[in-house]
Amino acid sequence: MGSFSLVHWLILGVVLVLVLGGGRFSSMMGDVAKGIKQFKKGMAEDDDTPPNRIEAKRPDPVIDPAAERARDAER
């Protein structure tokens, strides 16, 4: 009940072609195809360059002996 059958999609396609006209529908599909090609080209260009990783060093922890003794005394 909630899904469309093949016949529904075909009728919808025919109505769209009649409303929009064959030329306009054809040019829209051409624009969609160009967009997909540009997207694939952009994705391929991104794969050529490896990602840059900046490895940050952690600073050495500062240990305060007096604070350590105070913390151990509380336990």
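Residues numbered from 1 in each chain as written. Predicted model: local features only at pLDDT ≥ 70, side-chain atom pairs only at ≥ 80, totals over all residues. Heavy atoms only, no water.

1. Focus: the overall build of the protein
Selection rule: Starting at the N terminus, helices and strands are each numbered in turn, a helix being any DSSP run of H or I of at least four residues and a strand any DSSP run of E of at least two. Categorising residues by exposure relies on relative accessible area from a 1.4 Å probe, with only protein chains included: less than 20% of the type maximum marks a residue as buried, more than 50% marks it as exposed, and the intermediate range marks it as partly exposed. Throughout, the Shrake-Rupley method with a 1.4 Å probe supplies accessible areas, and for residues the shown protein chains are the sole cover considered.
Secondary structure assignment for the protein yields three helices and zero strands. Within the protein, the fraction of its 75 residues that count as buried is 0%. When the accessible surface of the protein is split by element, carbon and sulfur atoms take 62% of a total near 7600 Å².

2. Quick look at the pattern of salt bridges
Heads up, the condition is: Salt bridges, as used here, are contacts in which a Lys or Arg side-chain nitrogen is within 4 Å of a carboxyl oxygen on Asp or Glu.
In this structure the tally under the stated criterion is one salt bridge. Here Arg71 ties to Glu68 by a salt bridge, and the two come within 2.8 Å at their closest N and O atoms. Placement of the pair is Arg71 and Glu68 together in helix H3 (residues 65-74), with a separation of three residues, close to one helical turn. Arg71 sits in the partly exposed class, given a relative accessible area of 41%. A relative accessible area of 31% places Glu68 in the partly exposed class.

3. Details of the confidence of the model for the protein
Note the following rule: Across the chain, each position has a pLDDT score giving the predictor's confidence in that residue, from 0 to 100.
Averaged over every residue, the pLDDT of the protein is 80; residues scoring 70 or more account for 80%. Here helix H2 (residues 22-48) stands out as the least confident element of the protein, with mean pLDDT 83; helix H1 (residues 6-20) is the most confident, with 88.

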